[in-house]
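Architecture and fold: a report
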Amino acid sequence: YMKKLTLEDFLPLTVYFENDRPDYKSMSKTTKSDYAYNYEQYYPKKEFYADRYLPRFKSGDRAQIEQKVFDFFDKKLKPGKDSLDLFSKILLEILKSGEKITLEVQGYASPLASTEYNKRLGSRRVSSMINHFYHFQSGILKPYIKSGQLKLRQVSFGETKAKRGVSDSRKDLSSSIYAPEASIERRSAIIDVTRNGKMKK
């Protein structure tokens, strides 16, 4: 027996982005790309990231070091995308029942680049995740967003929530870009679901 999943069961629902994505070197706070596009560009680079993480280590078991990167891709990145898709299906059924939903979506960045740039990058990551809801199943959620039945609240923290010790070195990209510790900071997350009763007909 498995209990029926609720939206709250997924929280925080976290998805991850490649370094400086979406929209490389942009100062915009928004993006036209949705999360599916960013994921499809990122996940096939698992071996690429592992190869560039290895130079950080002068010795050690290559397979064990590579596995740290593979674990990020297969236990964080992919499950995040899968969870977002399942969350969206459950969300659709709840909206069909007439319930009003507000989602709070937050964006984060690793400490590489300036504080202001990273705040904008965090905003683009939120924007990309919100675009997912507009594009999901050929736009099936769009009427709920336009009517206000589904509200999407946005917050960007940029690098301000990054864990201490995560590298911001431009001279050591193995640590500041390709290390799993840095990869974990490049994310967007749904951290809260607010239910506001049923819409009046």
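Just so it is clear, the model here is predicted, and its values are computed rather than measured.

The rules behind these values
- Residues numbered from 1 in each chain as written.
- Predicted model: local features only at pLDDT ≥ 70, side-chain atom pairs only at ≥ 80, totals over all residues.
- Heavy atoms only, no water.
- Helix = DSSP H or I, 4+ residues; strand = E, 2+ residues; numbered from the N terminus.
- Rg over C-alpha atoms; globule rule 2.2 N^0.38 Å.
- Buried < 20%, exposed > 50% of the residue type's maximum accessible area, 1.4 Å probe, protein only.
- Contact = heavy atoms within 4.5 Å.
- Phe/Tyr/Trp six-rings, centres within 6.5 Å; stacked < 30°, edge-to-face > 60°.
- Lys NZ or Arg CZ within 6 Å of the ring centre and 35° of its normal.
- Arc of directions from axis to C-beta.
- Polar contact = N/O pair within 3.5 Å; in protein donor to acceptor, adjacent residues only side chain to side chain.
- Salt bridge = Lys/Arg side-chain N within 4 Å of Asp/Glu carboxyl O.

1. Observations concerning the overall build of the protein chain
Scanning the protein chain for helices and strands turns up seven helices and four strands. Beginning at the N terminus, the succession of helices and strands in the protein chain can be written as β-α-α-α-β-α-α-β-α-α-β. Its C-alpha radius of gyration of 18 Å places the protein chain within 12% of the 17 Å reference for a compact globule of 201 residues. Taken along its principal axes, the extent of the C-alpha atoms in the protein chain is 65 × 45 × 30 Å. Counting only residues that meet the buried cut, the protein chain has 50% of its 201 residues in that class. Long-range contacts, defined as pairs at least 24 residues apart, comprise 80% of the intrachain contacts of the protein chain with a sequence gap of at least 6.

2. Some points on the packing of aromatic side chains
Under the criterion given, the structure shown has 16 aromatic pairs. A ring pair is formed by Tyr 108 and Phe 157, whose centres lie 5.8 Å apart and whose planes are at 20°; its orientation type is stacked. Residue Tyr 108 is located in strand β2 (residues 99–108), and its partner Phe 157 is located in strand β3 (residues 150–158); the two are separated by 49 residues in the primary sequence. Under the relative-accessibility criterion, Tyr 108 is labelled buried at 8%. Exposure remark for Phe 157: the relative accessible area of 24% places this residue in the partly exposed category. Here a set of aromatic residues connected by ring pairs shows up, and it is made of Tyr 16, Phe 17, Tyr 35, Tyr 39, Tyr 42, Tyr 43, Phe 48, Tyr 49, Phe 72, Phe 73 and Tyr 178. Positioned above the aromatic ring of Phe 70 is the side chain of Lys 46, whose terminal nitrogen or guanidinium carbon lies 5.6 Å from the ring centre.

3. Describing helix α2 (residues 46–53)
The complete set of buried residues in α2 reads Lys 46, Tyr 49, Ala 50 and Tyr 53. For α2, the angular spread of the buried residues around the axis is 100°, confining them to a single face. Buried residues along α2 sit in contact with α1 (35–42), α3 (62–96), α6 (173–176) and α7 (180–183).

4. What to know about unusual backbone geometry
Most peptide bonds adopt trans geometry, and most residues besides glycine take a negative phi value. For the peptide bond that leads from Leu 11 to Pro 12, omega is -10°, which places it in the cis range. Within the element layout of this structure, Pro 12 appears in the segment before β1 (13–16). The amide bond that connects Arg 21 to the next residue, Pro 22, takes the cis arrangement and shows omega of 5°. Within the secondary structure, Pro 22 sits in the loop between β1 and α1. Of note in the backbone geometry, Asp 23 takes a positive phi value of approximately 65° without being a glycine. Residue class for Asp 23 comes out partly exposed when judged on its relative accessible area of 32%.

5. Let's talk about the side chain of Ser 175
By secondary structure assignment, the location of Ser 175 is in helix α6. Of the polar contacts made by the side chain of Ser 175, one reaches the side chain of Asp 172; its length is 2.7 Å. Ignoring any residue separated from it by four or fewer positions in sequence, one finds Ser 175 in contact with Arg 56, Ser 167 and Ala 182.

6. Notes on the pattern of salt bridges
With the rule as written, the count across this model stands at 13 salt bridges. Close ionic contact of Asp 74 with Lys 46 constitutes a salt bridge, the shortest N to O distance being 3.0 Å. Of this pair, Asp 74 sits in helix α3 while Lys 46 sits in helix α2; the two residues are 28 residues apart in sequence, bridging distant segments of the chain. On the basis of relative accessible area, Asp 74 is assigned to the partly exposed category, the value being 34%. We classify Lys 46 as buried; its relative accessible area is 18%. When the shortest N-O distance is used, the salt bridge between Asp 71 and Lys 75 registers 3.8 Å. Here the residue Asp 71 and the residue Lys 75 both occupy positions in helix α3, the gap between them amounting to four residues, near one helical turn. When salt bridges that share partners are traced, they join Glu 8, Glu 99 and Arg 195 into one network.

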